[in-house]
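In case you want the letters, here they are:
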Amino acid sequence: MWRFLRLVSALGLCASAFSRSSTVDSYTSTESPIAKAGVLANIGPSGAKSSGAYPGVVIASPSTTNPDYLYTWVRDSSLVYKMLIDQYTSGQDTTLRVHIDNFIAAEANIQQVTNPSGTVSTGGLGEPKFNINETAFTGAWGRPQRDGPALRSTAMITYATWLIANNNETYVTDSLWPIIKLDLDYIMNNWNETTFDLWEEVDSSSFFTSAVQHRALRQGSALATAIGQSSVTSGYNSQANNILCFLQSYWNPSPGFMTANTGGGRSGRDANTVLTSIHVFDVEAGCDGVTFQPCSDIALSNLKVYVDSFREIYDINTGIRADQAVATGRYPEDVYQGGNPWYLASFAVAEQLYDALIVWSNEGSLTVTDVSFPFFQQFDTSITPGTYSSSTPAYSTLTTAIKNLADGFVAIAAKYTPSDGGLAEQYTRGDGTPTSALDLTWSYASALTAFNARAGNTSASWGAAVVFNVNVTTVLGQNIYLTGSVGALTDWSTTNAILMSSADYPIWSTAVTLPANMQIQYKYIIVDNGNVTWESDPNNEFTTPMSGITTLNDEWR
């Protein structure tokens, strides 16, 4: 009899999961175009709800009272445009080029605006928000906010990398690099200064800010090498290493979460950390804990601690089982606008779980450690630490349950999305009514990135960058190229091999993003009027890192 009841119970759970999945399928299908339209409506000059905004300027929301969000924030704008750039460069939406070029022009202008934080050379790049006509906002505010330059440079570097791959290096060097370099230099020189966090409330060091600064310097160094600006790479790499070391200090081993800020007097449980995980996600970095990848044991442990902190504080979460999705907000102590759940927080939790599922599927296994054990135990009380291949029942049980949990967080957002699909900043803790700023651009963008992750799509890898240097003496007309054993090294092609920079001749250099933790073989070739000369055997060989930048210094053989 007990076995029969257990079977009935399991079938009931399966039916519930199927019903939720169908609901989320329907919601993502209908909400995706609404969210995309919501983003574009809030971008000047022609967005339906952004009247007065200059070209490329993202308004946070058309709301002008309680709260007044008719401004442009560097952070919000950069996160929104990173999403749009990913859509454009992946081929999902090839109509976005004009918007992207407008964004670049707008941010180049905003960088030069003298503001309460300073001038472009005296700290002004840390100014968080501006008027929508690109003039300085001079009222009292939480400033500086040092995540903006990192997020802006990351968005532009993503675009620059795509342009280089599509034979437009001149535009990158002449137009993009001067903008990017200003932000990277600011990060390099100011990362260890205090900053207001992304909620603009706590002035200390912030985990989110530190993590996106690390990513920006890593990507910036690789881009600099690729376009022959190698004089800056030593400084960027050195400070990126320092930031990466500092990032480890935010970890609180008991009960296992990342403390969001070093100050502020709160518990430290904060959506800041979940947002960090999805915005430093690198599909090629595996479950690397050092860079806080979504499927790392510390990121999963952190996620559980963060989510659980909201289970008892919102009325709309009453009666929901401890292993199911609930509404989440910024942090449990929040009182802003009543201290409510945020749509972007719900989507962020789902996105982290979807990202984790993508990596486990790619790797064909998942690993349960002592640190991540409480997270996995939610779904299988008999689970023990170890590695479970995709062929095992445990892997199937866990990944199915985690997919259902991720869908549950989207379903929460769907439940409290009004019939017109509009996404406000928050929904009330009492009954889920949308509240605070309506049509929040970041809410729309967060929905789109979560839906994209649910579909199994990822952005370009950024973490395992490898700088190749080779000492070769050449004659006029000769160029050095790189080719190797993986697609990123052109699969041994000589016609599509990677041209190296001679800016530091006789050292020829290039930077390439490669799959993490993989054995790679490569060689250099000389091309002279179509004639190809290979290095002598054997092939060069090394294993790529899980994250960060590796520099290889070779001699022509």
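Here is what the cut-offs are and how they apply
- Residues numbered from 1 in each chain as written.
- Predicted model: local features only at pLDDT ≥ 70, side-chain atom pairs only at ≥ 80, totals over all residues.
- Heavy atoms only, no water.
- Helix = DSSP H or I, 4+ residues; strand = E, 2+ residues; numbered from the N terminus.
- Rg over C-alpha atoms; globule rule 2.2 N^0.38 Å.
- Buried < 20%, exposed > 50% of the residue type's maximum accessible area, 1.4 Å probe, protein only.
- Contact = heavy atoms within 4.5 Å.
- Salt bridge = Lys/Arg side-chain N within 4 Å of Asp/Glu carboxyl O.
- Disulfide = S-S within 2.5 Å.
- Pairing = 2+ DSSP bridges.
- Axes fitted to C-alpha atoms, helices over the stretch in contact; angles between N-to-C directions.
- Parallel < 35°, antiparallel > 145°, perpendicular 65-115°, else oblique.
- Left-handed = near helix turned anticlockwise from the far one by under 90°.

Caption draft 1: Looking closely at the overall build of the protein chain. Of the regular secondary structure elements, the protein chain holds 13 helices and 19 strands. Its C-alpha atoms give the protein chain a radius of gyration of 24 Å, within 12% of the compact-globule value 24 Å for 557 residues. If you line up the protein chain on its principal axes, its C-alpha atoms span 80 × 65 × 40 Å. Taken across its 557 residues, the protein chain has 57% of its residues classed as buried. When contacts within the protein chain are restricted to residue pairs at least 6 apart in sequence, long-range pairs at least 24 apart make up 66% of them.

Caption draft 2: Geometry of the pattern of salt bridges. Inspection of every chain in the model, using the stated rule, returns 23 salt bridges. Among the ionic pairs, Arg330 bridges to Glu201, the shortest N-O distance being 2.8 Å. Taken together, the positions of Arg330 in the loop between α9 (297–308) and α10 (343–363) and Glu201 in the loop between β3 (195–196) and β4 (203–204) put the pair 129 residues apart, joining distant regions of the chain. Between Arg266 and Asp270 there is a salt bridge; the shortest N-O distance is 3.6 Å. A relative accessible area of 2% places Asp270 in the buried class. When salt bridges with common partners are traced through the structure, they connect Glu201, Arg266, Asp270, Arg330 and Asp334 into a single cluster.

Caption draft 3: Looking closely at the state of the cysteines. Using the criterion set out here, one finds one disulfide in the structure. Shown here is the disulfide that connects Cys287 with Cys295, its sulfur atoms set 2.1 Å apart. The sign of the -105 degrees torsion about the S-S bond sets the Cys287-Cys295 disulfide as left-handed. Given the relative accessible area of 27%, Cys287 is considered partly exposed. Using a relative accessible area of 4% as the deciding quantity, one classes Cys295 as buried.

Caption draft 4: Inspection of the pairing of strand β17 (residues 531–534) at higher detail. Note that strand β16 (residues 519–528) and β17 share four bridges and pair antiparallel. In the sheet register, Ile526 faces β17, and the bridge partner there is Thr533. Here β16 folds back onto β17 in antiparallel fashion, the turn holding two residues, of which Asn529 has a positive phi close to 55 degrees.

Caption draft 5: Region of the structure containing the packing of α10 against helix α13 (residues 441–454). Running from amino to carboxyl end, α10 crosses α13 at an angle of 20 degrees, the nearest separation of the two axes being 8 Å. Judged on the interaxial angle alone, α13 and α10 are roughly parallel. In this structure, α10 meets α13 at a crossing whose hand is left-handed. Where α10 approaches α13, its residues Tyr343, Leu344, Phe347, Glu351, Tyr354, Asp355 and Ile358 are matched on the opposing element by Trp442, Ser443, Ser446, Ala447, Thr449, Ala450, Phe451, Ala453 and Arg454.

Caption draft 6: Local environment of the pairing of strand β18 (residues 540–543). Alternating residues of β18 divide into Asn540 and Phe542, all buried, and Glu541 and Thr543, none buried. Inspection of the sheet shows β16 paired to β18 by four bridges, in the antiparallel sense. Bridging across to β18, Ile520 finds its partner in Phe542.

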